[in-house]
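Residues per chain are reported as follows:
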Amino acid sequence: AHIACYASSGRDLRYLSQQADASWLPETPDGPDEVGRYSAIAFDPAGVPHIAYYNSTDENLMFATRQSAGGWIVQVVDAGDGDDGQVGEHSSLEFDDAGTAHVSYYDKANKDLMYARRPSGGAWVVERVDASSDVGQYTSLAVGPGGRVHVSYYDASDKNLKYAVRQGDGTWILQTVVSDGNVGKHTSLALDASGVPHISFYGESDRDFLYASELAPGSWVTKAIETAGDVGKEGSLAFGPDGAARVSYYDETGKDLKFAIQLPDESWAIQTA
């Protein structure tokens, strides 16, 4: 197991790897500035860990790569427009099979959804995905077959759940997935074995934990995972080898960590961890 996180005690980025004896080896990839919020960890095809995160001091999107001999190489991915900064919150990181790094994140200064990619051994290329209003918080990125990039995110202006998919020519198709009430915070996007996108998210209006699936291009269906109490913040969605969706999340009412598995009839078996 590997964890990237922000340590409030030192205001720095921490990386922990579980050892063979079940102990944890801590490392500090970046510091002593206030760095490490919104950390996202992923492994490239060679098994090397990388972390995307926010530098709160310089207000930049950062990227750390672990070296084989130990230690980390740290670089700035996006420093924003001029002196504005404020880019890199809500980052989400994934690698494709070719070793290209993909990062989605929020530009707080311009209130836009951003995307950066770096081919293996290449330079970073930054794109502005959605600049329609205040969009781009709570991003979640996944890479599908052929390197196709999918991103879920929150539209804070219209209080909607949105989704963006990158085309082969570099353009983006933007969709509003759910617009009923204040919905779309705490998104987590995952692709099933067929490459179909699914998104878990929090519905703030009713304080429910919700789940959307794209049945056909541009056509989404939304169902509830759990509606009892205030549930669904900090969700994390993945598909298991059996093809069933699994998601962990926070129950605000019970102050509990919960875990749900989707059953064949599309209902959810919920456990309190």
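Above this text sits the structure in question.
Residues numbered from 1 in each chain as written. Predicted model: local features only at pLDDT ≥ 70, side-chain atom pairs only at ≥ 80, totals over all residues. Heavy atoms only, no water.

With that settled, consider the overall build of the protein chain. Of the regular secondary structure elements, the protein chain holds 0 helices and 23 strands. Over its C-alpha trace the protein chain gives a radius of gyration of 18 Å, about what one expects of a compact globule, namely 19 Å for 273 residues. Referenced to the eigenvectors of the C-alpha coordinate spread, the extents of the protein chain come out at roughly 50 × 45 × 35 Å. For the protein chain, the proportion of its 273 residues judged to be buried stands at 48%. A sequence separation of at least 24 residues applies to 33% of the contacts in the protein chain between residues at least 6 apart. When the accessible surface of the protein chain is summed, it comes to about 12,400 Å², and 46% of that surface belongs to carbon and sulfur atoms. (Helix = DSSP H or I, 4+ residues; strand = E, 2+ residues; numbered from the N terminus. Rg over C-alpha atoms; globule rule 2.2 N^0.38 Å. Buried < 20%, exposed > 50% of the residue type's maximum accessible area, 1.4 Å probe, protein only. Contact = heavy atoms within 4.5 Å. Areas by Shrake-Rupley, 256 points an atom, 1.4 Å probe, with all protein chains shown as cover.)

What follows deals with the packing of aromatic side chains. For the structure on display, the rule yields 8 aromatic pairs. Plain terms: the ring middles of Phe209 and Tyr249 are 4.4 Å apart, the flat faces sit at 35° to each other, and that makes the pair tilted. You can see Phe209 sitting in strand 18 (residues 208–216) and its partner Tyr249 sitting in strand 21 (residues 245–251), a full 40 residues away along the chain. Given a relative accessible area of 0%, Phe209 falls into the buried group. Seen from their ring centres, Tyr211 and Trp268 are 5.0 Å apart, and the 75° between their planes marks the pair as edge-to-face. (Phe/Tyr/Trp six-rings, centres within 6.5 Å; stacked < 30°, edge-to-face > 60°.)

This paragraph deals with the environment of Ser248. Tracing the chain through its elements places Ser248 in strand 21. Through-space distance from the C-alpha of Ser248 to that of Ile261 is 9.1 Å; in sequence the pair is 13 residues apart. With near-sequence residues (within four places) excluded, Ser248 lies in contact with Glu234, Gly235, Ser236, Leu257, Lys258 and Phe259.

Here we take up the layout of surface pockets. Taken as a whole, the largest pocket spans an internal volume of roughly 920 Å³. Lining the largest pocket are 31 residues, with Ser92, Ser140, Ser188, Gly235 and Ser236 sitting closest to its centre. Of all the secondary-structure elements, those providing two or more residues to the lining of the largest pocket are strand 4 (35–43), strand 8 (87–95), strand 12 (135–143), strand 16 (183–191), strand 20 (231–239) and strand 21. Grouping the amino acids of the lining of the largest pocket by side-chain chemistry returns 16 nonpolar, 12 polar and 3 charged. (1 Å grid on protein atoms, 1.4 Å probe; cavity = no way out; pocket = protein on both sides within 12 Å on 5 of 7 lines; lining within 4 Å. Points joined across faces, edges and corners; volume = space filled by probe spheres on them. Nonpolar A, V, L, I, M, F, W, Y, C, P; charged D, E, K, R; others polar.)

Let us look at the sheet that holds strand 20. Strand order in the open sheet formed by 4 strands is 20-21-22-23, with antiparallel pairing between adjacent strands. Each edge of the sheet is formed by a strand with only one pairing partner; in this case those strands are strand 20 and strand 23 (268–272). For this sheet, the mean angle separating the axes of adjacent strands, direction not counted, is 20°. (Pairing = 2+ DSSP bridges. Axes fitted to C-alpha atoms, helices over the stretch in contact; angles between N-to-C directions.)

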